Amino acid sequence: MSVTSDFVQQTSVDTTPRHHIFGRPLGSCTCHPRPAAADVKLVYPYESYPDSGAVTEVAEGIFWICTPLPFRLRAINAYLIEEPDGWTIIDCGYGSEEAQRQWESVWSKNMKDKPVKRVVVTHFHPDHFGNAGWMQEKWGVTPSMSETEWAFANLAANNLNTDAIDLRCDFYSKNGLSKALEEKFRTEVFRYSSGCPSVPSSFTRLKDGDELIIRGARWRIMVGRGHSPEHVCLYSNDLGIMMSGDQILPEISPNVSVWPIEPNANALGDFIGTMNRFRMLLRKDTLVLPSHRKPFRGVHERMDQLEHHHHLRLEEILSHTGAAGISAGDLISLIFPGNLDGHQIGFAMNEALAHLNYLMYAGKLIRRQDSAGRVRFFRA
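Residues numbered from 1 in each chain as written. Predicted model: local features only at pLDDT ≥ 70, side-chain atom pairs only at ≥ 80, totals over all residues. Heavy atoms only, no water.

J.: What's the story with the nonpolar core in this structure? I'm lost.
T.: Nonpolar side chains tend toward joint burial in soluble globular proteins. The biggest cluster of nonpolar side chains holds 50 residues, and the ones touching the most others in it are Ile248, Leu268, Phe278, Leu282 and Leu356. Every element with two or more residues in this core is listed here: α5 (165–174), β11 (231–236), α8 (267–281), α9 (299–319), α10 (328–335), α11 (342–361) and β17 (375–379). The element that contributes the greatest number of residues to this core is α11, accounting for 9 residues. Counting 27 residues, the second largest nonpolar core, distinct from the first, contains Val106, Val116, Val141 and Ala156. (Core = buried A, V, L, I, M, F, W, Y, C linked by side-chain atoms within 4.5 Å. Buried < 20%, exposed > 50% of the residue type's maximum accessible area, 1.4 Å probe, protein only. Helix = DSSP H or I, 4+ residues; strand = E, 2+ residues; numbered from the N terminus.)

In structure tokens, the structure reads:
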């Protein structure tokens, strides 16, 4: 993405409202009821985050670090797994000098100057992939990631997707974004290149269902969709641990986006479909190591909350769709209240379209485009 990887919305893990950007209360899903998945409620085993340049051991030989971000999420989690002959790193952090200094400090103080054997990248967003080129140069390690994420990183680095600002502005304008908000987006958006200064020359492909052996444990590659095109999660059933990247987050909901290069995508359908698949695979007592906020248990409950959150939003959109129809731009003030910065405005438009497209594919809305290319959605 040309901006940060995550435009997220605060949600409540205890069903009481806590507003931040897009806050909405969550509860049990009445529109799509499910049997109670959860013998394990949401629990956060760690009270505090690791200090800058420090690590927290979350399981034997598995360590959690936080590296800085220049936007509202403030930090991203990365994870290290120690093996007898070296280390595996999961996610690289944002490609800034500050983050690189933290990596240098952790490598010197905590990684015992042992070699980095493998770097796994969950997805192409700059807070996850940004230091991949630096790590390749420093440690000679090629990133392991899915093919589509590798391709999208190269599109972004060459201004053909997220940094195609004129294309995005035209797309947002035709989908109802006001001129004032369009200008705010244009002037405040974070460029992909600001967080990913170099792209490695090659990669090692990871596919859904692949297995990695790390520290003697089997880690299954589970591909998620909706937040990014082919997002890699790592799950060890033996250890009961999942590294979820941005696919499943506590307290905040991952951005689900439609982009101008695929305007008819059903990203929200992909996201909900991923959770349906993951429910069948994940142990209820899984310790989830996410890319933002704190590690947690209670993944089934959290997925139920995330799905219900989106269904509430879909119902809200339908209730406000009158005879004149509705556009993504109309939804900015309706479901994304607050003083959004330009960085967030782009993600708000992308996510509004994800919900409108979902309703279109569900047969609830019809998409119409006039001769000038302006798009509105009407009740079916």
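Structure shown, so let's carry the discussion forward.
J.: Mind showing me how you'd approach the sheet that holds strand β8 (residues 204–205) here?
T.: Whenever strands of a sheet pair, they do so through backbone hydrogen bonds, lying parallel or antiparallel. Taken in spatial order, the 7 strands line up as β2-β3-β4-β5-β6-β7-β8 in an open sheet, and their pairing is mixed. Every interior strand has two partners, whereas the edge strands, β2 (56–59) and β8, have only one. When strand β3 (residues 62–68) meets strand β4 (residues 75–83), the two strands line up antiparallel, connected through 7 bridges. Within β4, the position partnered with Thr67 by the bridge is Ile76. (Pairing = 2+ DSSP bridges.)

J.: Would you explain the pattern of salt bridges in this entry?
T.: Opposite charge on two side chains permits them to pair, given that their charged atoms come into close proximity. Summed over all chains, the structure comprises 19 salt bridges. The closest approach of N and O atoms between Lys179 and Glu182, which form a salt bridge, is 3.9 Å. With Lys179 and Glu182 both in helix α6 (residues 179–188) and 3 residues apart, this pair spans about one turn of that helix. Judged by relative accessible area, Lys179 falls into the exposed class, the value being 61%. A salt bridge links Arg374 to Asp370, with the nearest nitrogen and oxygen atoms 3.0 Å apart. Residue class for Arg374 comes out exposed when judged on its relative accessible area of 51%. According to the relative accessible area criterion, Asp370 is partly exposed, its value standing at 33%. Within the structure, one salt-bridge network assembled from shared partners comprises Asp166, Lys179, Glu182 and Arg186. (Salt bridge = Lys/Arg side-chain N within 4 Å of Asp/Glu carboxyl O.)

J.: Just checking my understanding: could you explain the pairing of β4 for this structure?
T.: Look at any regular strand and the pattern is simple: side chains alternate between the two faces of the sheet. Of all 9 residues that make up β4, 8 are buried, and the element is covered over most of its length. Between the antiparallel neighbours β3 and β4 lie 6 residues, among them Arg74 with a positive phi of about 75 degrees. Direction of pairing for β4 relative to strand β5 (residues 86–90): antiparallel, over a ladder of 5 bridges. Across the sheet, the residue bridging to Ile81 is Thr88, located in β5.

J.: Whenever I open this one, the packing of aromatic side chains confuses me. Can you help?
T.: Pairs of aromatic rings are described using the distance from one ring centre to the other and the angle between the two planes. If you walk through the whole model with that rule in mind, you get 14 aromatic pairs. Centre to centre, the rings of Tyr44 and Phe296 are 6.3 Å apart; their planes meet at 40 degrees, and the pair counts as tilted. Residue Tyr44 is found in the loop between β1 (9–10) and β2, and its partner Phe296 is found in strand β15 (residues 296–297); the two are separated by 252 residues along the sequence. Note on Phe296: relative accessible area 0%, which makes it buried. Considering the side-chain rings of Phe71 and Phe190, the 5.5 Å spacing of their centres and the 70 degrees angle between planes classify their relative orientation as edge-to-face. One end of the pair, Phe71, is in the loop between β3 and β4; the other, Phe190, is in the loop between α6 and α7 (192–195), and 119 residues separate them in sequence. One aromatic cluster is present, built from ring pairs that chain together Tyr46, Tyr49 and Trp64. (Phe/Tyr/Trp six-rings, centres within 6.5 Å; stacked < 30°, edge-to-face > 60°.)

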